[in-house]
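Here is what each chain is made of, one letter per residue.
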Amino acid sequence: MIKCIIIDDEKKDRENLRMLLESYCPQVEIIGEAEDKTSIVKLLSTLEPDVVFSDIQLGTTSVFEVFNTLEHINFKIVFVTAFDKYAIQGYQYDAIDYLLKPVSPNVVTKAVDKAINFIGSSQINIKLEELKKSLASTNFSKIGLPFSDGIKFVDFKDIIVLEA
């Protein structure tokens, strides 16, 4: 289950995206909605979304201005906007996807699939780094790995990737 926030200054667009996510993406939990700079900053400071589905133009301000005020962005972004002119700028924020309104169920489900794949691979890399740090702090220099013909002991420093 991935947690998301919807950002859009238009209530009908937030409702439409909410309906699409609830109807077609059961693996997504909507934990909040925001419509302006104040509500965005409040939500992002109190909640920890995995993904933010965000419009770009929010009245007289842009979501880029809001994101620039954040200390760090620890979530992935799917832009949902009526303007294609912001695409390059959007990808500078490591956007997972850039959807043009009006969005269809197919487009939303593809974006959610991308988000799930990206978040899943990111979490594996985080776990691998945690494992490396943990192992580096011990006195052990080798790990026993099961093979079809028995167990082989491998130096930790020789491990680049683990796959199960």
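Refer to the preceding data block for the structure.
Below you will find a few notes about this structure. Note that the coordinates shown come from a computational prediction; the quantities given were computed from them, not determined experimentally.

1. Quick look at the overall build of the chain
Along the chain, the regular secondary structure elements total five helices and nine strands. Overall, the chain shows an N-to-C arrangement of helices and strands of β-α-β-α-β-β-β-α-β-α-β-α-β-β. Here the contacts in the chain between residues at least 6 apart in sequence split such that 56% fall between residues at least 24 apart. As displayed, the chain has an accessible area near 10,400 Å², and 54% of this comes from carbon and sulfur atoms.

2. Comments concerning the side chain of Asp8
Along the chain, Asp8 turns up in the loop between strand S1 (2–7) and helix H1 (11–24). You can call Asp8 buried: its relative accessible area is 4%. Among the polar contacts listed, one links the side chain of Asp8 to the backbone nitrogen of Glu10, at a separation of 2.9 Å. There is a polar contact of 2.7 Å between the side chain of Asp8 and the side chain of Lys101. Apart from the residues lying within four places of it in its own chain, the contact partners of Asp8 are Asp13, Arg14, Ala34, Glu35, Asp55, Leu58 and Lys101.

3. Digging into the pattern of salt bridges
Considering all chains together, one arrives at eleven salt bridges under this definition. Between Glu33 and Arg18 there is a salt bridge, with the nearest N and O atoms lying 2.5 Å from each other. Here Glu33, found in strand S2 (residues 28–34), pairs with Arg18, found in helix H1; they are 15 residues apart in sequence, far enough to count as distant. For Arg18, a relative accessible area of 27% translates into the label partly exposed. If you follow the salt bridges from partner to partner, you end up with Asp8, Lys12, Asp13, Asp55 and Lys101 in one network.

4. Observations regarding the sheet that holds strand S3 (residues 51–54)
The strand order across the open sheet built from five strands is S2-S1-S3-S6-S7, with neighbouring strands paired in parallel fashion. Strands at the two margins of the open sheet, each flanked by one partner only, are S2 and strand S7 (97–100). Sheet twist, expressed as the mean angle between neighbouring strand axes with direction ignored, is 20 degrees. Two strands pair when backbone bridges link them, and S1 and S3 are joined in this way by four bridges, in the parallel orientation.

5. Regarding the nonpolar core
Of all hydrophobic cores here, the largest spans 21 residues; its most connected members are Leu21, Val51, Phe53, Val78 and Val108. At the level of elements, S1, H1, S2, S3, strand S6 (76–81) and helix H5 (105–136) are the ones that each hand at least two residues to this core. Examining the composition of this core, we find that five residues originate from one element, H5, more than from any other. Each residue touching Leu21, except ones within four places of it in the same chain, is listed here: Cys4, Ile6, Pro26, Val28, Ile30, Phe53, Val108 and Val112. Listed in part, the 20 residues of the second largest apolar core include Val63, Phe75, Tyr93 and Tyr98.

6. Examining the state of the cysteines
For the structure shown, the criterion picks out zero disulfides. No disulfide involves Cys4; its sulfur sits 9.0 Å from that of Cys25, the nearest cysteine.

How each quantity is defined
Residues numbered from 1 in each chain as written. Predicted model: local features only at pLDDT ≥ 70, side-chain atom pairs only at ≥ 80, totals over all residues. Heavy atoms only, no water. Helix = DSSP H or I, 4+ residues; strand = E, 2+ residues; numbered from the N terminus. Contact = heavy atoms within 4.5 Å. Areas by Shrake-Rupley, 256 points an atom, 1.4 Å probe, with all protein chains shown as cover. Buried < 20%, exposed > 50% of the residue type's maximum accessible area, 1.4 Å probe, protein only. Polar contact = N/O pair within 3.5 Å; in protein donor to acceptor, adjacent residues only side chain to side chain. Salt bridge = Lys/Arg side-chain N within 4 Å of Asp/Glu carboxyl O. Pairing = 2+ DSSP bridges. Axes fitted to C-alpha atoms, helices over the stretch in contact; angles between N-to-C directions. Core = buried A, V, L, I, M, F, W, Y, C linked by side-chain atoms within 4.5 Å. Disulfide = S-S within 2.5 Å.

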